[in-house]
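So you can see what is in the structure, the chains are spelled out below.
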Amino acid sequence: MIRAATLERILVILSDFVALSICFALAFWVQFHSGWIADKYDPTKLFSDYANMGLILNAAWLVLFTCAGLYRSWLLMSRTHQILRVLRAVVIGVVLIIVSLFGTEFIGKIFAN
């Protein structure tokens, strides 16, 4: 029999995965199919071409959330500590994405010269 705490943790991880997948699909649609970003509009791009990257990003976010302790028990923490822990994990993730995006472009320019 699965304990209630284990079942809760599994459901939270699955809901995070679903939420991250929806956000990735929405970002894809806004960037390539909505027409809101004129430079990126390209209706010929298929989501299936980006699905693998979405799975990798989702797994990376879940690993980051696990390392940040978001899937531990929250019973003894105040709401302030809970919010700060989630905020810290999200900020670290966004900073890592920005550094990886601009870092690869910067390194590519250095090696091109």
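Every value quoted in this text rests on a predicted model; they were computed, and no experiment measured them. Within each chain, residues carry numbers counting from 1 in the order of the written sequence. This being a predicted model, a pLDDT of at least 70 is required before a residue's local features are given, and a value of 80 or more before pairs of side-chain atoms are given or counted; all residues contribute to the totals for chains, interfaces and linings. Each side-chain value is worked out from all heavy atoms of the structure, with water and hydrogens disregarded.

Looking now at a nonpolar patch on the surface. Patch membership needs two things, relative accessible area over 30% and no salt bridge, and members are linked within 9 Å if like-charged or within 5 Å if nonpolar (Val, Leu, Ile, Met, Phe, Trp, Tyr). For the area figures, the Shrake-Rupley method with a 1.4 Å probe applies, and any residue is considered shielded solely by the protein chains shown. Should a side-chain nitrogen of Lys or Arg be within 4 Å of a carboxyl oxygen of Asp or Glu, the pair is scored as a salt bridge. The grouping of Val86, Val90, Val94, Ile97, Ile98, Leu101 and Phe102 at the surface amounts to a nonpolar patch, some 570 Å² of accessible area in total. Under the DSSP-based scheme used, a helix requires at least four consecutive residues in state H or I and a strand at least two consecutive residues in state E, with every element numbered from the N terminus. Here Ile97 shows up in helix H3 (residues 79-112).

This paragraph deals with the packing of aromatic side chains. Working definition: rings of Phe, Tyr and Trp (its six-membered ring) pair if their centres are within 6.5 Å, and the pair is stacked with planes under 30 degrees apart, edge-to-face with planes over 60 apart, and tilted otherwise. Summed over all chains, the structure comprises 7 aromatic pairs. Note on Phe28 and Phe32: the rings are 5.2 Å apart at their centroids and 55° apart in plane angle, and the pair reads as tilted. You can see Phe28 and its partner Phe32 sitting in helix H1 (residues 4-33), 4 residues apart, about one turn around the helix. With respect to burial, Phe28 and Phe32 carry one shared label: buried. Geometrically, the ring pair formed by Phe28 and Phe47 is edge-to-face, given 5.4 Å between the ring centres and 70° between the ring planes. Buried residues are those whose accessible area, probed at 1.4 Å on protein chains only, stays under 20% of the maximum for their type, while exposed residues exceed 50% and partly exposed ones sit between those limits.

Our focus in this paragraph is the environment of Ala59. Its place among the elements puts Ala59 in helix H2 (residues 51-67). Judged by its relative accessible area of 40%, Ala59 falls in the partly exposed class. Between the alpha carbons of Ala59 and Leu70 there is a distance of 15 Å; along the sequence they are 11 residues apart.

Before going further, it helps to spend a moment on H2. Taking 1.5 Å of rise per residue, 17 residues should cover 24 Å, and H2 covers 24 Å from first to last C-alpha, within 8% of that figure. Looking at the packing, one finds that the buried side of H2 touches H1 and H3. After H2 finishes, the residue Gly69 shows a positive phi value of roughly 85°. Between the first and last residue of a helix there are one fewer steps than residues, each counted as 1.5 Å, and that sum is the expected span. Residue contacts are defined here by distance: any two heavy atoms, one from each residue, within 4.5 Å place the two residues in contact.

By themselves these figures say nothing about function.
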